[in-house]
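Close look at the chain arrangement
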Amino acid sequence: MSVIFQSLATIPNRYAFLDCIQREVSRDVHLSLLLIDVVRFSDVSSSFGYRVGDVILEEVALRIKKLFGKDAVLGRISGDIFGLMLPGIHSDMQLRGFYSHLVEHFKTPISFDENAFVADFNVGAVANLAHNKDISLLFSGAESALKQAKQNKYDNFQLVRLSEKPESGRSLALKADLKRAFANDELELYFQPKVNLQSLQIVGAECLLRWNHPLDGIIVPGSFIEAAESYNMMNEVGYWVLERAFRSAFELQSRGIGLKVSVNISPTQLYDANFVSKVGKLARQYGLDLSKLELELTEDVALSNSLLVKRQLAEVKALGLSIAVDDFGKGYSNLAYIRDIALDTIKIDKTFVMGLDSNPVNKAIIQASQLIAAALGCRVIAEGIETVEHLHLLRDMGIEIGQGFLFSRAVPFDELLTLTQTDFMVGTSLAYRSRVS
Ligand code: C2E
Ligand code: MG
Ligand code: MG
């Protein structure tokens, strides 16, 4: 489609837009559809009148069109909702990337008279199936994605995958279960202490997600994090965790307990262009000393070549948070990424620690990690410390901080408080044992 729009009236309306999609689908089914809602646009119209509202919407439409190029088709679905059809096959990451691109671009305000408007968006996206020519299926998928994006508390982007096969009873049940868990506050944050291996004092805590299931009891995160990822709920879950982590760090700070709180961040979160502003908002809300917060990333995030991810990491670091790479050594042999990110901590994967007494290579890997950390000017911490032997070996190697079942499993916040107050009893006896052994 051609077009630089003359006015709002010349943008294809809902029906004309659907016709365009219909034509495109009969030519080639490979396309994605985004519904773009301008957040709180009604405030603009009610404050400045409809004339100004229309001028701004025109500018929004013009910019979107320019941003996505000549192959993209833009339509006006209703007052402040635009449809954008993009030809081609797109991965989940690419679709989220389009959203990020949009949000980024619109950080440059739209000026009118003496005022400026920074547009923000809810976006629902859907990629067409390999054989689908039914555009109502595609459109209703995009509509339900947008509805979900609007309902989400933390993530303004939602992707819906149309499915070739109907979802199995089991996966539908798990999805419904997860949504309920979220709505009913069944998720909980637990805390595993991080301990100074010399003094055996608690110096920090890692937030670990638990699902307090009404029937199955406490469930550890492995499978439900995977499920949340596959149902596009991970950003919501991730921000819930981040909010709770800030709240807990605040609680610790106000009790004068100087622990560093670490939070696991999923890749999806770092691909959300609003990540830094959400962290900044939480920081202002809780008035926290951000040097008391650390983000733990897995190597696949650290390894990402995405400019957005790199920039967001640099920006959160500039806010004062520290960055750790988790499960170091577990996944990848390509270490080049480590030069590009300003890391504060390398967290050695627990398999190397737990295998310390069985295979000398584990010790060599830990020592190699120490060398890398020294060159980068960051610290090394160990996870998976299960025995006094592990503790001794790590201490002898000069590792300063660690966590593991030897000290404590992840516990609810109140228990963490007790652990910090009771002079870490396990630790005291361990210190004694280590001195006499
Ligand atoms: P992780 O970040 O590497 O967390 C450490 C995991 O090792 C935790 O499992 C912890 O309970 C376990 N662990 C700690 N000490 C020991 C030990 O001495 N021995 C053994 N065998 N295990 C130990 P958990 O809680 O099941 O979490 C598993 C993974 O799930 C985490 O690995 C992290 O990648 C992910 N995860 C947990 N909470 C969150 C979250 O809030 N957000 C995200 N994105 N991921 C999370
Ligand atoms: Mg972790
Ligand atoms: Mg780990």
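Residues numbered from 1 in each chain as written. Chains lettered and ligands numbered in written order. Predicted model: local features only at pLDDT ≥ 70, side-chain atom pairs only at ≥ 80, totals over all residues. Heavy atoms only, no water.

1. Overview of the site of ligand 1
As a matter of local geometry, ligand 1 sits amid 23 residues, with Arg210, Asn264, Asp326, Glu386 and Phe405 nearest to it. Asp326 places a polar side-chain atom, nitrogen or oxygen, 2.8 Å from an oxygen atom of ligand 1. Within the side chain of Asp327, an N or O atom sits 3.0 Å from an oxygen atom of ligand 1. Calculation on ligand 1 without its partners gives an accessible area of 790 Å², and the protein chains cover 84% of this total. Residue assignment for the shell around ligand 1 shows that the elements contributing at least two residues are β9 (202–213), α7 (221–230), α8 (234–254), β13 (322–328) and α13 (350–354). By residue number, the principal contributor to the shell around ligand 1 is β9, which donates four residues. Residue composition of the shell around ligand 1, by class: 10 nonpolar, five polar and eight charged. (Near = heavy atom within 4 Å. Polar contact = N/O pair within 3.5 Å; in protein donor to acceptor, adjacent residues only side chain to side chain. Areas by Shrake-Rupley, 256 points an atom, 1.4 Å probe, with all protein chains shown as cover. Helix = DSSP H or I, 4+ residues; strand = E, 2+ residues; numbered from the N terminus. Nonpolar A, V, L, I, M, F, W, Y, C, P; charged D, E, K, R; others polar.)

2. Observations regarding the coordination of the magnesium ion (ligand 2)
Coordination of the magnesium ion (ligand 2) by the protein involves Glu206 (OE), Asn264 (OD1), Glu296 (OE) and Asp326 (OD), with metal-donor separations of 2.0 to 2.2 Å. Ordering the donors of the magnesium ion (ligand 2) by residue number gives the pattern E-x57-N-x31-E-x29-D. Metal-to-metal, the separation of the magnesium ion (ligand 2) and the magnesium ion (ligand 3) is 4.2 Å; Asp326 coordinates the two. One end of the pair, Glu206, is in strand β9; the other, Glu296, is in strand β12 (residues 293–297), and 90 residues separate them in sequence. Residue Glu206 is classed as buried on the basis of its relative accessible area of 4%. (Donors = N, O, S within 2.8 Å, 3.2 Å for Na, K, Ca; no water. Buried < 20%, exposed > 50% of the residue type's maximum accessible area, 1.4 Å probe, protein only.)

3. Some points on the pattern of salt bridges
The final tally for this structure, using the stated rule, is 22 salt bridges. Among the ionic pairs, Asp177 bridges to Arg180, the shortest N-O distance being 2.7 Å. Of the two residues, Asp177 and Arg180 are both situated in helix α6 (residues 169–183); the distance of three residues between them amounts to about one turn of the helix. Taking the relative accessible area as the measure of exposure, Arg180 reaches 28% and is therefore partly exposed. Each member of the salt-bridge network shares a partner with another, and the members are Lys194, Glu206, Glu294, Glu296, Lys347, Arg379 and Glu383. (Salt bridge = Lys/Arg side-chain N within 4 Å of Asp/Glu carboxyl O.)

4. A word on the domain arrangement of the protein chain
When the parts come together, some accessible area is lost, and that loss is often what is quoted as the size of the interface. Segmenting the protein chain into domains produces domain 1 (8–165) and domain 2 (172–436). For domain 1 and domain 2, the distance between their C-alpha centres works out to 37 Å. Across the contact, 16 residues belong to domain 1 and 16 residues belong to domain 2. In this assembly, domain 1 packs against domain 2 so that about 1400 Å² is buried in total across both faces, 44% of it on carbon and sulfur atoms. Where domain 1 packs against domain 2, one counts one salt bridge. (Domains from an automatic or database assignment. Contact = heavy atoms within 4.5 Å. Buried area = accessible area lost by both parts, 1.4 Å probe.)

5. Examining the nonpolar core
Residues Leu242, Phe246 and Leu295 are the most contacted members of the largest nonpolar core, which totals 83 residues. The greatest single-element share of this core, amounting to 10 residues, is contributed by α8. Apart from the residues lying within four places of it in its own chain, the contact partners of Leu295 are Leu242, Val263, Ile265, Phe275, Val316, Leu321, Ser322, Ile323 and Ala324. Counting 37 residues, the second largest nonpolar core, distinct from the first, contains Ile11, Phe41, Ala125 and Phe157. (Core = buried A, V, L, I, M, F, W, Y, C linked by side-chain atoms within 4.5 Å.)

6. As for helix α16 (residues 413–421)
Among the residues making up α16, those that are buried are Phe413, Leu416, Leu417 and Leu419. In a view along the axis of α16, the buried residues occupy a sector of 160 degrees, so they form one face of it. Pointing more than 90 degrees away from the buried face of α16 are the exposed residues Asp414 and Gln421. (Arc of directions from axis to C-beta.)

7. Notes on the coordination of the magnesium ion (ligand 3)
The protein atoms that coordinate the magnesium ion (ligand 3) are Asp326 (OD), Asp327 (OD), Glu383 (OE) and Glu383 (OE), at distances spanning 2.0 to 2.5 Å. Within one chain, the residues donating to the magnesium ion (ligand 3) are spaced in sequence as D-D-x55-E. For Glu383, a relative accessible area of 7% puts it in the buried group.

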